[in-house]
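Okay, here's what each chain looks like letter by letter:
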Amino acid sequence: MITREIHPLLLELAGSYPVVTITGPRQAGKTTLAKMAFPTYHYCNLEHPEIRWMAQNDPAGFFKHHAPPLIVDEIQRVPELLSYIQVMVDESGKNGQYILTGSQQFNLNAAITQSLAGRTALLTLLPFSLKEIAEATFGMESLTRDKLLVKGGLPRIYHQRQNPLMAYRNYLQTYVERDVRQLLNVKEIVVFEKFLKLLAGRVGQVLNMSSLATDVGVSIATINHWVSVLEASYILFRLNPYYENFGKRIIKAPKIYFVETGLACYLLGIENEHQLAQNPLLGGLFENLIVTETLKARLNKGLDPNIFFFRDSNQFEVDLLLKWRNELIPVEIKSASTWHDSFAKGLLKFKSISPSCSNGLIIYGGDQYFSTTDKVKVAGYWHLTLGLELLISGS
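None of the values given here were measured: they were computed from a predicted structure. (Residues numbered from 1 in each chain as written. Predicted model: local features only at pLDDT ≥ 70, side-chain atom pairs only at ≥ 80, totals over all residues. Heavy atoms only, no water.)

Caption draft 1: The arrangement of the overall build of the chain in detail. The helix and strand inventory of the chain stands at 18 helices and 13 strands. Computed over the C-alpha atoms, the radius of gyration of the chain is 22 Å, within 12% of the 21 Å expected from 2.2 N^0.38 for a compact globule of 395 residues. Of all intrachain contacts in the chain linking residues separated by at least 6 positions in sequence, the fraction that spans at least 24 positions is 66%. Roughly 17,800 Å² of accessible area belongs to the chain as shown, and the carbon and sulfur atoms make up 49% of that amount. Each charge class in the chain was averaged separately, 39 positive and 36 negative side chains, and the resulting centres sit 3 Å apart. (Helix = DSSP H or I, 4+ residues; strand = E, 2+ residues; numbered from the N terminus. Rg over C-alpha atoms; globule rule 2.2 N^0.38 Å. Contact = heavy atoms within 4.5 Å. Areas by Shrake-Rupley, 256 points an atom, 1.4 Å probe, with all protein chains shown as cover. Lys, Arg positive; Asp, Glu negative; His and termini not counted. Charge placed at Lys NZ, Arg CZ, Asp CG, Glu CD.)

Caption draft 2: Highlighting the sheet that holds strand 3 (residues 70-73). Taken in spatial order, the five strands line up as 2-3-4-1-5 in an open sheet, and their pairing is parallel. Taken across any chain shown, the strands that pair with only one partner, and hence form the sheet edges, are strand 2 (42-45) and strand 5 (120-124). Between one strand axis and the next, the sheet turns through 15° on average, direction left out of account. One ladder, built from five bridges, connects strand 1 (residues 19-23) with strand 4 (residues 98-102); its direction is parallel. Residue pairing for strand 4: T21 is matched across the bridge by L100. (Pairing = 2+ DSSP bridges. Axes fitted to C-alpha atoms, helices over the stretch in contact; angles between N-to-C directions.)

Caption draft 3: Molecular detail of the packing of helix 11 (residues 189-200) against helix 13 (residues 220-232). In the contact formed by helix 11 and helix 13, the axes pass within 12 Å of each other and the chain directions differ by 75°. In terms of orientation, helix 11 lies roughly perpendicular with respect to helix 13. From helix 11, V191, F192, F195, L196 and L199 reach across to helix 13, where they touch I223, W226, V227 and L230. Here the contact of helix 11 with helix 13 is composed, by residue class, of nine nonpolar, no polar and no charged. (Parallel < 35°, antiparallel > 145°, perpendicular 65-115°, else oblique. Nonpolar A, V, L, I, M, F, W, Y, C, P; charged D, E, K, R; others polar.)

Caption draft 4: Summary view of the packing of helix 5 (residues 81-92) against helix 6 (residues 108-115). Close contact between helix 5 and helix 6 brings their axes to 9 Å; oriented N to C, the two are set at 30°. Relative to helix 6, the element helix 5 is oriented roughly parallel. The two elements helix 5 and helix 6 meet at a crossing, and its hand is right-handed. Contacts from L82, S83 and Q86 of helix 5 reach helix 6 at L108, A111, I112 and S115. Of the residues that constitute the contact of helix 5 with helix 6, the class distribution is four nonpolar, three polar and no charged. (Left-handed = near helix turned anticlockwise from the far one by under 90°.)

Caption draft 5: Focus on the side chain of S103. Examined against the element boundaries, S103 turns out to sit in the loop between strand 4 and helix 6. A relative accessible area of 0% means that S103 is categorised as buried. Separated by 2.8 Å, the side chains of S103 and E74 make a polar contact. Once you skip the residues sitting within four places of it in the chain, S103 turns out to touch G24, P25, R26, K30, E74, Q76, A232, S233 and Y234. (Buried < 20%, exposed > 50% of the residue type's maximum accessible area, 1.4 Å probe, protein only. Polar contact = N/O pair within 3.5 Å; in protein donor to acceptor, adjacent residues only side chain to side chain.)

Caption draft 6: Main features of the packing of aromatic side chains. Tallying each qualifying case throughout the model produces 17 aromatic pairs. Centre to centre, the rings of W339 and F370 are 5.5 Å apart; their planes meet at 85°, and the pair counts as edge-to-face. Note that W339 is positioned in the loop between strand 10 (327-334) and helix 17 (345-353) and F370 in strand 12 (residues 369-371), a separation of 31 residues in sequence. Here the basic side chain of K255 rests over the ring of F309, its NZ or CZ set 5.0 Å away from the ring centre. Its end group placed over the ring of F316, K349 keeps NZ or CZ at 4.4 Å from the ring centre. (Phe/Tyr/Trp six-rings, centres within 6.5 Å; stacked < 30°, edge-to-face > 60°. Lys NZ or Arg CZ within 6 Å of the ring centre and 35° of its normal.)

Caption draft 7: Representation of the pattern of salt bridges in the model. Tallied over the entire structure, the rule returns twelve salt bridges. For E47, the salt bridge goes to R26, with nearest N and O atoms at 3.1 Å. Taken together, the positions of E47 in the loop between strand 2 and helix 3 (49-57) and R26 in the loop between strand 1 and helix 2 (30-37) put the pair 21 residues apart, joining distant regions of the chain. For K334, the salt bridge is made with E332, and the minimal N-O distance between the two is 3.6 Å. A residue is classified by how much of its surface remains accessible, and K334, at 26% relative accessible area, is partly exposed. Where salt bridges share partners, they join R26, E47, E74 and R77 into one cluster. (Salt bridge = Lys/Arg side-chain N within 4 Å of Asp/Glu carboxyl O.)

Purely geometric numbers; function is a separate question.
Quick look at the structure:
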């Protein structure tokens, strides 16, 4: 088992707060992280029917059997426990008493805000980052761009050498059967699965609710609700546009990305890297990878995402904007494995309309790291984190 990048932050926060809550998608490694960070803590999983029954029907007895320091897995299954935890941590006055994990934001966030405000630190753990994948595979040489997109970042795929096709099929079936039926009154699961596949076909595109509703055959209100639930269960996330100080001609609808490129590939019927290489959505999936990786880098440091994209009514676009202090860092994403000078044109144009932004960064499908004559940094996708760190530091 590898040490996750967020591990040091988790230890730090447990020393400052009585409760730390780790949220994130199923199978992202939340339980493993908690157990590795706190090997002497007691542990219970609220997915277990008998444990959940006791927690729901006899919370006092539950906490007698499961005394702190305690790791409670899938706390969203019995959010009523949070009120009891509030009372106990207030009485004890000790930090690091409870480590909670949850895989749904839909009801959990409201319950935490009500019961544990000021008492818990919140962390979000997403699947493996590129750095963690490199460590899990003892290097990056064996993982090409396309193989990486198909495999995604689920830890079990690497630790247990699972077949990605089977892993994501099971992941989807488990999600639909467990989370969708809990959170949604979906009578036609087939329609919902069609919706998921259509979303995968729009990865990296501006979200058009009306068009999607027409294609799925449901109302716009239903599409809005379904997208919200997918976000709440960490299947996808929205990248919002940046339009501060740019006038009224800026596109203000978000883009949609999947937390897992492997799941997006599965939904698109892409079974291996050879099929992906010929797929017209390769560019969008590669963009998805880079945007998600940037999101992970921020969350693993306990920072707000602060990432956006830019697009105006003339279709001029910058794939990714990172707001750092008072500066904008533009990032252009190109799936091509071979560098070409034309890749920098968009960043140079954006610099002309936003002089306060940095020279920017281009992430491409190759493996080099260098600066152009216009002082734009260029990094192969494995160097993404290094490129962002150097850009932020001004090196």
